[in-house]
Every structure is written in structure tokens, then in C-alpha cells.
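Residue-level structure breakdown
So the chains spell out like this:
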Amino acid sequence: PTVAFDVEHFRINCTDFVAVANFRHESMFSIQSAVYLYAGPVSGFELFQAIDTHGARDWEYFRIGDTHFLAVANFKNDTDTFEVASVIY
């Protein structure tokens, strides 16, 4: 099973999103985490974007002026390397 460590809700232009930080799937840490878009009460959340992550521990949404950012804190990759970059999108 996939283990998630964090869920981050954010809103851009009246649209709700949820980012899920997937930490690992079984013994693999280099997996995709997901950003879901809320499509309404009938459809619910739909996959908006899958993002390559490495043992993702946390998502943080922030805004500077009119520019929106989403940052992921990565922890480790599949080669047991803890020197993995965290990324701001």
C-alpha cells in the first residue's frame, strides 16, 4: 500500500485543490504524489497532476503577491540517499 504523510489544501481563483505527499509505496520511495482538483459535489476530487517525489513528507502552499507556489519536502530516494532536493513549483 501507499503511505501518505501530509495533505495540503489550497485555493486558487475560487478553485479548491488538495496535494497529497506520498511517502512510499511498499519499499519504494521515488513515487508520484498527487494534486487533486475539487470538481464539485457530484464528481468530488479528480486527479489534476501527478508529481515525481522522493519520500515526500510535506506540502506547503504559499503565495507571494499574485504568484502561487507549492513546495514539497522530499526525504529519501530508492537508493537510500537522504540527499534529495526539495522542490518549489
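Let me sum up the structure you'll find in this document. (Residues numbered from 1 in each chain as written. Predicted model: local features only at pLDDT ≥ 70, side-chain atom pairs only at ≥ 80, totals over all residues. Heavy atoms only, no water.)

Quick notes on the overall build of the chain
When helices and strands are tallied, the chain shows zero helices and seven strands. Each helix (α) and strand (β) of the chain, taken in turn from the N terminus, gives the series β-β-β-β-β-β-β. For the chain, the C-alpha atoms occupy an extent of roughly 40 × 35 × 15 Å along the three principal directions. Across the 89 residues in the chain, those meeting the buried criterion constitute 35%. The long-range share in the chain, meaning contacts at least 24 apart out of those at least 6 apart in sequence, stands at 27%. (Helix = DSSP H or I, 4+ residues; strand = E, 2+ residues; numbered from the N terminus. Buried < 20%, exposed > 50% of the residue type's maximum accessible area, 1.4 Å probe, protein only. Contact = heavy atoms within 4.5 Å.)

Quick look at the sheet that holds strand E7 (residues 87-88)
Spatially, three strands are ordered E5-E6-E7 in an open sheet, and the strand pairing comes out antiparallel. Of all strands in the sheet, those with a lone pairing partner are strand E5 (58-64) and E7, marking the two edges. Two strands pair when backbone bridges link them, and strand E6 (residues 67-73) and E7 are joined in this way by two bridges, in the antiparallel orientation. Looking at E7, one finds that alanine 71 is bridged to isoleucine 88. (Pairing = 2+ DSSP bridges.)

As for the packing of aromatic side chains
Per the counting criterion, the structure on display carries ten aromatic pairs. Centre to centre, the rings of tyrosine 38 and phenylalanine 45 are 5.0 Å apart; their planes meet at 55°, and the pair counts as tilted. Summarising the aromatic geometry, the rings of phenylalanine 62 and phenylalanine 69 are spaced 5.0 Å apart at their centres and angled 15° between planes, so their arrangement reads as stacked. Every member of this aromatic cluster is reached through a ring pair, and the members are Phe5, Phe23, Phe29, Phe75 and Phe82. Lying across the ring of phenylalanine 75, arginine 57 places its NZ or CZ 4.8 Å from the centre. Of note, lysine 76 hangs over the ring of phenylalanine 29, and the distance from its end group to the ring centre comes to 4.3 Å. (Phe/Tyr/Trp six-rings, centres within 6.5 Å; stacked < 30°, edge-to-face > 60°. Lys NZ or Arg CZ within 6 Å of the ring centre and 35° of its normal.)

Some details on the sheet that holds strand E4 (residues 45-54)
The strands making up a sheet associate through hydrogen bonds between their backbones, and the pairing can be parallel or antiparallel. Strand order in the open sheet formed by four strands is E1-E2-E3-E4, with antiparallel pairing between adjacent strands. Every interior strand has two partners, whereas the edge strands, strand E1 (2-12) and E4, have only one. Put simply, the sheet's adjacent strands are angled 20° from each other on average, direction ignored. Inspection of the sheet shows strand E2 (residues 15-25) paired to strand E3 (residues 30-38) by four bridges, in the antiparallel sense. In the sheet register, valine 18 faces E3, and the bridge partner there is tyrosine 36. (Axes fitted to C-alpha atoms, helices over the stretch in contact; angles between N-to-C directions.)

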